[in-house]
Amino acid sequence: MKFGGTSVEDAAAITRAAKIVESRLAEKPIVVVSAMAKVTDQLVACAGAAGAGDRDQALCIARKLRERHYTAASELLGTGVFTQFHSELEAEFDALDELLRGVAAVGELTPRTTDNILSFGERISSQLCTAAFSARGMNATLVDARQCIITDDRHTRATPLFPVINDALADIMQPLLERGRVPVMGGFIGATKDGTPTTIGRGGSDFSAAIVGAGIAATRIEIWTDVDGMKTTDPNLCPDAKRIKVISFEEAAELAYFGAKVLHPATLLPAIQKNIPVQVLNSRNPQNEGTRIVARAPACKSAFKAIAAKKRITIVDVVATRMLGAHGFLKAIFDIFDKHRCAVDVVSTSEVSVSLTVDSNEAIPAIAADLGKLADVKYEGRKAIVCLVGENLRGTSGIAAKVFSTIADVNVRMISQGASEINITFVIEEDDVPRVVQRLHQAFFSELDPAVFD
Ligand code: ADP
Ligand code: ASP
Ligand code: MG
């Protein structure tokens, strides 16, 4: 059971989460929690201020974080427990201050130190939830994510080392479950084999929960958040977005990858490997059935399940006339992206040119310099990928025509269909996202199959 930031944002939210966990005790849950809402953003700001040498600003943000956690703890715990827990929290926040002072003194922030600073959010929220659950009489036990989620040392976007993790989970989680304990662990963070804290990418607590769920062969992975499940699109863009009752792994994975923030893009990989159903549920409305993500979704009469959009994309155009008829052009290009460890999302090719999209803007100048040795290169930021997903696309003709005629006045920069057979993906200007998504939502999601949506 994973609870996101808003689901543990204050004492009231943590109490709601505790009640939800209590309702599942017979099923032996493991709980994974995010940092309280916005805490990771504030830690990023702290780290940035310290790195820029602004010690006072860094400590000022840290003090507000400290107070917010003290307030929640005092509301959740009785006086006696609070006094003891307060000194534990104090030690954590003192350590954070110490770290920030050190960073500010040298005026330099490394990815390794960033991860150390960010790790405080989940470390502290997991301690607080454990204390709060115990105070209600649950047999909660804190599990340090740094002992379970072992990763490589690629700080801020570390890769989990599954075999090592699975051994650690068997050693740590299984005995706790056998003793009737409820393990509580922070998401998002891990550590290298030598114990240095790492993080697995923003929004990564969903992924942590899936790693744990797959590692211990759970019967179900529950993602508790602040909406009634996965919706037909981002409800911030279309307030009338409908809940998807059930969706396939493949469809949900495409949506998560192409921008549906409700799930971290990597979440479904461990679940798919072990065929463990994932359920997205609302901690403010736990009666709602949310969305079930399963290997095979039932037949659905609607053309699409959902639309997602991913902003902050850069298009890279590579043109090499002298490559006409030569082989190895694509390999040479992809080798360069590989060398810079940069993932490519959408690709369109012609004989002498390739357009591709990437979302890591920092690496692009260096990549363009390398590509420039082979071909003419242009790149342009502020683009967005829009992706319509649905298994009914397989074998249905005429849908693409309907999609593009709905947005005939929009400048579409790239189109890709066919790779997975279940999506139509295209690239537009970032500023066009709201009107494109709203218009497509209106056109394709007004009349939906009631068996699958509500
Ligand atoms: P948590 O802190 O619980 O991980 P997130 O903020 O990461 O929550 O994800 C939940 C949010 O994702 C929702 O509040 C909603 O604004 C956004 N969202 C974007 N696309 C979708 C979608 N297709 N379905 C549901 N929510 C979506
Ligand atoms: N707290 C982390 C973040 O804000 C991880 C998460 O919430 O999933 O990115
Ligand atoms: Mg999230």
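Everything below is about the structure printed above this text.
Residues numbered from 1 in each chain as written. Chains lettered and ligands numbered in written order. Predicted model: local features only at pLDDT ≥ 70, side-chain atom pairs only at ≥ 80, totals over all residues. Heavy atoms only, no water.

## Here's the deal with the side chain of S416
Consideration 1: For S416, the location among the structural elements is in strand 15 (residues 414-417).
Consideration 2: Overall, the relative accessible area of 18% leaves S416 in the buried class.
Consideration 3: For S416, the residues in contact, after removing those within four places along its chain, are V346, N423, I424 and T425. (Helix = DSSP H or I, 4+ residues; strand = E, 2+ residues; numbered from the N terminus. Buried < 20%, exposed > 50% of the residue type's maximum accessible area, 1.4 Å probe, protein only. Contact = heavy atoms within 4.5 Å.)

## Examining the site of ligand 2
Consideration 1: As a structural note, the neighbourhood of ligand 2 is formed by S34, T40, E122, F188, R202, G203, G204 and S205.
Consideration 2: The backbone of G204 places a nitrogen or oxygen atom 3.4 Å from an oxygen atom of ligand 2.
Consideration 3: Within the backbone of S205, an N or O atom sits 3.0 Å from an oxygen atom of ligand 2.
Consideration 4: Starting from 260 Å² of accessible surface for ligand 2 in isolation, the protein chains cover 85%.
Consideration 5: Here the shell around ligand 2 is built from residues that sort into one nonpolar, five polar and two charged. (Near = heavy atom within 4 Å. Polar contact = N/O pair within 3.5 Å; in protein donor to acceptor, adjacent residues only side chain to side chain. Areas by Shrake-Rupley, 256 points an atom, 1.4 Å probe, with all protein chains shown as cover. Nonpolar A, V, L, I, M, F, W, Y, C, P; charged D, E, K, R; others polar.)

## Some words on the packing of helix 13 (residues 399-406) against helix 14 (residues 433-444)
Consideration 1: Close contact between helix 13 and helix 14 brings their axes to 9 Å; oriented N to C, the two are set at 130 degrees. By the angle between their axes, helix 13 is oblique relative to helix 14. Once helix 13 is placed against helix 14, the crossing between them reads as right-handed. Residue-level contacts link K402, V403 and T406 of helix 13 to R439, L440, A443 and F444 of helix 14. (Axes fitted to C-alpha atoms, helices over the stretch in contact; angles between N-to-C directions. Parallel < 35°, antiparallel > 145°, perpendicular 65-115°, else oblique. Left-handed = near helix turned anticlockwise from the far one by under 90°.)

## Section: the packing of helix 4 (residues 79-106) against helix 5 (residues 111-135)
Consideration 1: In the contact formed by helix 4 and helix 5, the axes pass within 11 Å of each other and the chain directions differ by 170 degrees. As judged from the angle between their axes, helix 4 and helix 5 are roughly antiparallel. Together, F85, E88, L89, E92, F93, A95, L96, L99, L100 and V103 of helix 4 and T113, N116, I117, F120, R123, I124, Q127, L128 and A131 of helix 5 make up the contact between the two elements.
Consideration 2: For the contact of helix 4 with helix 5, the per-class residue count stands at 13 nonpolar, three polar and three charged.

## Comments concerning a nonpolar patch on the surface
Consideration 1: A cluster of nonpolar side chains, namely L330, F334 and V347, defines an oily patch on the protein surface of about 210 Å² accessible area.
Consideration 2: What makes F334 partly exposed here is its relative accessible area of 31%. (Patch = residues over 30% accessible without salt bridge, like charges linked within 9 Å, V, L, I, M, F, W, Y side chains within 5 Å. Salt bridge = Lys/Arg side-chain N within 4 Å of Asp/Glu carboxyl O.)

## Some points on the site of ligand 1
Consideration 1: Close to ligand 1 lie 17 residues; T225, D226, K231, N236 and K261 are nearest.
Consideration 2: A distance of 2.9 Å is found between an oxygen atom of ligand 1 and a side-chain nitrogen or oxygen belonging to N236.
Consideration 3: Interatomic distance of 3.5 Å between a backbone N/O atom of V262 and an oxygen atom of ligand 1.
Consideration 4: Here the residues of the shell around ligand 1 are counted per class, giving six nonpolar, six polar and five charged.

## Some thoughts on the pairing of strand 10 (residues 291-294)
Consideration 1: Strand direction decides the pairing type here: strand 8 (residues 246-248) and strand 10, joined by three bridges, are parallel. The residue of strand 10 that forms the bridge with I247 is I293.
Consideration 2: With three bridges connecting them, strand 9 (residues 278-282) and strand 10 associate as antiparallel partners. Following the sheet pairing, V280 is matched in strand 10 by T291. (Pairing = 2+ DSSP bridges.)

## Some thoughts on the nonpolar core
Consideration 1: Counting 130 residues, the largest nonpolar core has F3, F133, M230, I293, F426 and L440 as the members making the most contacts within it.
Consideration 2: Residues contacting I293, with those up to four places away along its chain left out, are M230, I247, S248, F249, A252, L263, L268, P277, V278 and V280.
Consideration 3: In this structure, V316, V318, F329 and A375 belong to the second largest nonpolar core, which totals 16 residues. (Core = buried A, V, L, I, M, F, W, Y, C linked by side-chain atoms within 4.5 Å.)

## Points about the sheet that holds strand 2 (residues 31-33)
Consideration 1: Taken together, eight strands build an open sheet; the order of strands is 3-4-2-1-7-9-10-8 and the sheet is mixed. The outermost strands of the open sheet, each flanked by one partner alone, are strand 3 (140-143) and strand 8.
Consideration 2: The sheet contacts of helix 8 (residues 205-215) involve strand 1 (2-3), strand 2, strand 4 (182-186) and strand 7 (221-225), and relative to strand 7 the element is tilted by about 160 degrees.

## Some thoughts on helix 8
Consideration 1: Burial within helix 8 is extensive, with ten of its eleven residues counted as buried.
Consideration 2: Buried within helix 8 are the following residues: S205, D206, F207, S208, A209, A210, I211, V212, G213 and A214.
Consideration 3: Immediately downstream of helix 8, the backbone of A217 shows phi near 50 degrees, a positive value.

## Quick notes on the state of the cysteines
Consideration 1: With the rule as written, the count across this model stands at zero disulfides.
Consideration 2: Sulfur of C129: no disulfide; nearest cysteine sulfur belongs to C148 and is 17 Å away.
Consideration 3: Looking at C129, the relative accessible area reads 1%, which means it is buried. (Disulfide = S-S within 2.5 Å.)

## Digging into unusual backbone geometry
Consideration 1: Backbone geometry at K38 places phi at a positive 70 degrees, although glycine is not the residue there.
Consideration 2: Structurally, K38 can be placed in the loop between strand 2 and helix 2 (39-51).
Consideration 3: Positive phi outside glycine occurs at R312, with the angle close to 55 degrees.
Consideration 4: Its location among the elements puts R312 in strand 11 (residues 306-319).
Consideration 5: Residue class for R312 comes out exposed when judged on its relative accessible area of 60%.

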